[in-house]
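Letter by letter, the chains look like this.
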Amino acid sequence: MVELYLKGKVENVVKGKDFTNKETGEVRKGSVKLQFIHLDEVRGLQTVDVTVPEEHEAKAFELKGKEVNLPVEVFASNSKVYYRAKSLWVCK
């Protein structure tokens, strides 16, 4: 089994806006994301967002400005790559 880890400095932590489904009225809570800066040789500076599981949101805000090494899940949709933290227990 292969595990992927993202290592870097957390530049920012942001909370997305809540989303209301216009048809059902259901409100979905906005997700918390860790933001990293990545230098791509072709595109230049890029922001990499990593979604944090709801149970780890409180700890996520403590990580701003810190170097971390955390396990991530990676998936793609519509030619865009998305990252989701599996946990934050590996953080230094």
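Here, every reference points to the structure presented above.
Residues numbered from 1 in each chain as written. Predicted model: local features only at pLDDT ≥ 70, side-chain atom pairs only at ≥ 80, totals over all residues. Heavy atoms only, no water.

J.: Teacher, can you tell me more about the side chain of glutamate 57 here?
T.: Summarising the element assignment, glutamate 57 is placed in helix α1 (residues 57–60). Accessibility expressed as a relative area gives 11% for glutamate 57, which makes it buried. With residues near it in sequence (within four places) discarded, glutamate 57 still touches Lys29, Gly30, Val32 and Val52. (Helix = DSSP H or I, 4+ residues; strand = E, 2+ residues; numbered from the N terminus. Buried < 20%, exposed > 50% of the residue type's maximum accessible area, 1.4 Å probe, protein only. Contact = heavy atoms within 4.5 Å.)

J.: So what exactly am I meant to see when it comes to the nonpolar core here?
T.: One broad trend across soluble globular proteins is that nonpolar side chains are buried collectively. Core analysis: the biggest nonpolar cluster contains 16 residues, and Val10, Leu34, Phe36, Val50, Ala60, Leu70 and Leu88 have the highest contact counts within it. Listed by contribution, the elements that provide at least two residues to this core are β5 (32–40), β6 (44–52) and β7 (67–77). Excluding residues within four positions of it along the chain, valine 10 makes contact with Leu34, Gln35, Phe36, Leu63, Lys64, Gly65, Lys66 and Val68. (Core = buried A, V, L, I, M, F, W, Y, C linked by side-chain atoms within 4.5 Å.)

J.: Just checking my understanding: could you explain the sheet that holds strand β2 (residues 12–15) for this structure?
T.: Within a sheet, neighbouring strands are paired by backbone hydrogen bonds and run either parallel or antiparallel to one another. If you walk across this open sheet you meet the six strands as β1-β7-β8-β6-β5-β2, and the pairing is mixed. At either end of the open sheet lies a strand with only one pairing partner, and these are β1 (4–9) and β2. Sheet twist, expressed as the average angle between the axes of neighbouring strands with direction ignored, equals 45°. Two strands pair when backbone bridges link them, and β6 and strand β8 (residues 80–85) are joined in this way by two bridges, in the parallel orientation. Its bridge partner being in β8, valine 50 is matched across the sheet by tyrosine 83. (Pairing = 2+ DSSP bridges. Axes fitted to C-alpha atoms, helices over the stretch in contact; angles between N-to-C directions.)

J.: Explanation requested: the pattern of salt bridges in the structure shown.
T.: Two side chains of opposite charge can pair, provided their charged atoms sit close to one another. Scanning the model with the defined rule gives three salt bridges in all. As a salt-bridge pair, glutamate 54 and lysine 29 come within 3.7 Å of each other at their nearest N and O atoms. With glutamate 54 in the loop between β6 and α1 and lysine 29 in the loop between β4 (27–28) and β5, the pair connects residues that are 25 residues apart, well separated along the chain. Look at glutamate 54 and you get exposed, because its relative accessible area is 56%. Salt-bridge contacts for glutamate 73 lead to arginine 84; the nearest nitrogen and oxygen are separated by 2.8 Å. A residue pair is termed long-range when its members are at least 10 positions apart, and glutamate 73 in strand β7 and arginine 84 in strand β8 qualify at 11 residues. You can call glutamate 73 partly exposed: its relative accessible area is 32%. On the basis of relative accessibility, which here comes to 36%, the residue arginine 84 falls in the partly exposed class. Look at the salt bridges and you will find they share partners, linking Lys29, Glu54 and Glu57 into a network. (Salt bridge = Lys/Arg side-chain N within 4 Å of Asp/Glu carboxyl O.)

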